[in-house]
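So you can see what is in the structure, the chains are spelled out below.
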Amino acid sequence: MREAALAGDAPPVAPRAVIGASWTRVRRLGIDPDAGRQGSVLSTDEIEHRRRSSPLGEVLPVLREGLVSVADAAWHIMVVTDPEGRLLWRDGSVAVRRSADRLGFAEGASWAEEAVGTNAIGTALVTRTPLQVHSAEHYVRTHHGWTCAAAPLHDPRDGRLIGVVDVSGPAANLHPATLSLVTAVARVAEGELRARHWAAVERLRATAAPILARIGGRALVVDANGWTAAVTGVAPAGRVALPAAVRAGQAWLPSLGRCRLEPLPGGWLVRVGPQEEPPEPSRVVLDVRRPRDWEVTVVGAAGRWTLPLSPRHAELLFVLAMHREGRTAGQLAGDLFGDAGRAVTVRAELSRLRRNLAGVLAHRPYRFADGVEVEVLRPRDPAGLLPHSLAPAVAAARPDEEG
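Everything in this summary refers to the structure shown in the same document. These numbers were taken from a predicted model, which means no experiment stands behind them.

1. Looking at the packing of helix H10 (residues 329-337) against helix H11 (residues 343-356)
- One way to put it is that H10 packs onto H11 with a least axis distance of 8 Å and a crossing angle of 95 degrees. Between H10 and H11, the angle falls in the class roughly perpendicular. Here H10 contributes Ala329, Gly330, Leu332, Ala333, Leu336 and Phe337 to the contact with H11, which in turn contributes Ala343, Thr345, Val346, Arg347 and Leu350.

2. A closer look at helix H4 (residues 56-73)
- Taking 1.5 Å per residue, 18 residues should reach 26 Å; H4 reaches 24 Å between its end C-alpha atoms and fits that length.
- The axis of H4 is deflected most strongly, by about 40 degrees, at Arg64.
- On its buried face, H4 sits against strand E1 (77-81), strand E2 (87-92), strand E4 (146-154), strand E5 (161-170) and helix H8 (178-213).
- Trailing H4 by a residue or two, Trp75 shows a phi angle of about 55 degrees, which is positive.

3. Observations regarding the layout of surface pockets
- Estimated volume of the largest pocket: approximately 1200 Å³.
- Forming the boundary of the largest pocket are 35 residues, of which Asp158, Arg239, Leu307, Pro308 and Asn356 lie nearest the centre.
- Taken together, the elements giving at least two residues each to the lining of the largest pocket come down to strand E12 (294-300), strand E13 (303-309), helix H9 (311-322) and H11.
- With five residues, H11 is the largest single contributor of residues to the lining of the largest pocket.
- Among the residues forming the lining of the largest pocket, the class breakdown is 16 nonpolar, eight polar and 11 charged.
- Contributing to the lining of the second largest pocket are 35 residues, with Ala21, Pro387, Ser389, Leu390 and Arg398 lying nearest its centre.
- At the level of secondary structure, the elements contributing two or more residues to the lining of the second largest pocket comprise helix H2 (17-29), H9, H10 and helix H12 (392-397).
- Looking at the lining of the second largest pocket, its residues break down into 17 nonpolar, eight polar and 10 charged.

4. Structural notes on the pattern of salt bridges
- Summed over all chains, the structure comprises 29 salt bridges.
- Notably, a salt bridge pairs Arg312 with Glu315, separated by 2.4 Å at the nearest N-O pair. Residue Arg312 and its partner Glu315 are both found in helix H9; the two are separated by three residues, about one turn of the helix.
- Residue Arg312 is classed as partly exposed on the basis of its relative accessible area, which comes to 29%.
- Each of Arg2, Glu3, Asp34 and Arg141 takes part in salt bridges that share partners, so that together they form one network.

5. Brief notes about H10
- When H10 is considered as a whole, its buried residues turn out to be Ala329, Leu332, Ala333, Asp335 and Leu336. Projected down its long axis, H10 shows its buried positions confined to an angular sector of 160 degrees, all on one face.
- Following H10 by one or two positions, Gly338 adopts a phi angle in the positive range, close to 70 degrees.

6. Looking at the sheet that holds E2
- The strand order across the open sheet built from five strands is E2-E1-E5-E4-E3, with neighbouring strands paired in antiparallel fashion. The open sheet has two edge strands, E2 and strand E3 (131-134), and neither has a second partner. The mean angle between the axes of side-by-side strands here comes to 20 degrees, regardless of whether they run parallel or antiparallel.
- Bridge count between E1 and E5: five bridges; the pairing is antiparallel. Directly across from Thr81, in E5, lies its bridge partner Val164.

7. Here's the deal with the sheet that holds strand E10 (residues 267-272)
- One open sheet holds the five strands; their spatial order is E7-E6-E10-E9-E8, and the pairing between them is antiparallel. Either end of the sheet is taken by a strand with one partner, and the two such strands are strand E7 (228-232) and strand E8 (249-253). The average angle at which neighbouring strand axes cross in this sheet is 30 degrees, direction not considered.
- With six bridges joining them, strand E9 (residues 257-264) and E10 adopt antiparallel strand pairing. In the sheet register, Glu262 faces E10, and the bridge partner there is Leu269.
- Against the sheet, H8 contacts strand E6 (219-223), E7, E9 and E10, and its axis sits at roughly 25 degrees relative to E7.

8. Describing the packing of H9 against H11
- Between H9 and H11, the shortest axis-to-axis distance is 11 Å and the interhelical angle comes to 90 degrees. In terms of orientation, H9 and H11 fall into the roughly perpendicular class. Here Arg312, His313, Leu316, Leu317 and Leu320 of H9 come into contact with H11, specifically with Val346, Glu349, Leu350, Arg352 and Leu353.
- Across the contact of H9 with H11, the residue classes break down as six nonpolar, one polar and three charged.

Calculation criteria
- Residues numbered from 1 in each chain as written.
- Predicted model: local features only at pLDDT ≥ 70, side-chain atom pairs only at ≥ 80, totals over all residues.
- Heavy atoms only, no water.
- Axes fitted to C-alpha atoms, helices over the stretch in contact; angles between N-to-C directions.
- Helix = DSSP H or I, 4+ residues; strand = E, 2+ residues; numbered from the N terminus.
- Parallel < 35°, antiparallel > 145°, perpendicular 65-115°, else oblique.
- Contact = heavy atoms within 4.5 Å.
- Expected span 1.5 Å × (residues − 1).
- Bend = angle between axes of the 7 residues up to and from the residue.
- 1 Å grid on protein atoms, 1.4 Å probe; cavity = no way out; pocket = protein on both sides within 12 Å on 5 of 7 lines; lining within 4 Å.
- Points joined across faces, edges and corners; volume = space filled by probe spheres on them.
- Nonpolar A, V, L, I, M, F, W, Y, C, P; charged D, E, K, R; others polar.
- Salt bridge = Lys/Arg side-chain N within 4 Å of Asp/Glu carboxyl O.
- Buried < 20%, exposed > 50% of the residue type's maximum accessible area, 1.4 Å probe, protein only.
- Arc of directions from axis to C-beta.
- Pairing = 2+ DSSP bridges.

Distances and angles like these do not, on their own, reveal function.
Rendered as structure tokens:
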């Protein structure tokens, strides 16, 4: 299959869809199929800085407890990367680590697709789903003696992709349960992060109670990610969308209007101003240039507002930007899933989006509001448009393999 794909021929049997799509992306990147691409390795200081900055350091004991002993017994190693695919931690069989060193599979190296081609870590970063890549499914020939199973890890506070945990080793030692194990341990680690987050919210709530008791009017206390710890005078909300760069002073929040933000240990005091009509936005910029980390920026009389987007919300806004006349829920379900019957899922996602993009999105049909200028920033290579997406409407916006 791989040889036919490299030659541009139809393979005798089609590869798995996720592998075929990855090979296509990697071919466009010009990766050498025999040796890969020699990339830089992070310095020791930079590795330590990234380790300290990563929330994965908090759950490293959970990952090690769940995977290292199994990996070591099976002559495999466990690695944990940051969201760029840089290896930050590595544990397991000493002999396999020596073999990994010869491949450049070492701490500080990048295993993103754009560095080493199709592999479980890099491809899972693109697809955001657990994945096993075995032997010749790797794009680079020198990796064919390996099998790798990886699962992405997300921060439960904001859904942000924070890295990948992977178990890799000799292809001859493949075990069919490895991917299931890696996926399960990744979910346990995310659960630990979630528990730590709610413990922090409880501590903030204890701090907030005496402060709110002295305040007249309407106010909330939220953590750094907008999760509500306590309220007074307003209806409770699970989470408040904060600006991308939060700072003390006056701000306009989509769900609350004019507010004043004051810093607290571990969060913010949000004093809600008088009710007023939300200022109309004049311009929306949807930035989908990167293979991950997409965002929408709203510009208007209230200032400039940037909101990070989940994969699904990036798809939805892209489709709406391509159809300024609007789409029904059924049409959007067909655009995203190829199934008009999934309209309920679409309505739920758009409800979440509209809470954070007040004045930007209209409905009946769903569309960008009249009078709003919409700009879409696309990747330089059209094939890199939302590479994780299997949505028919997004796939139709990319060139075909030979395009």
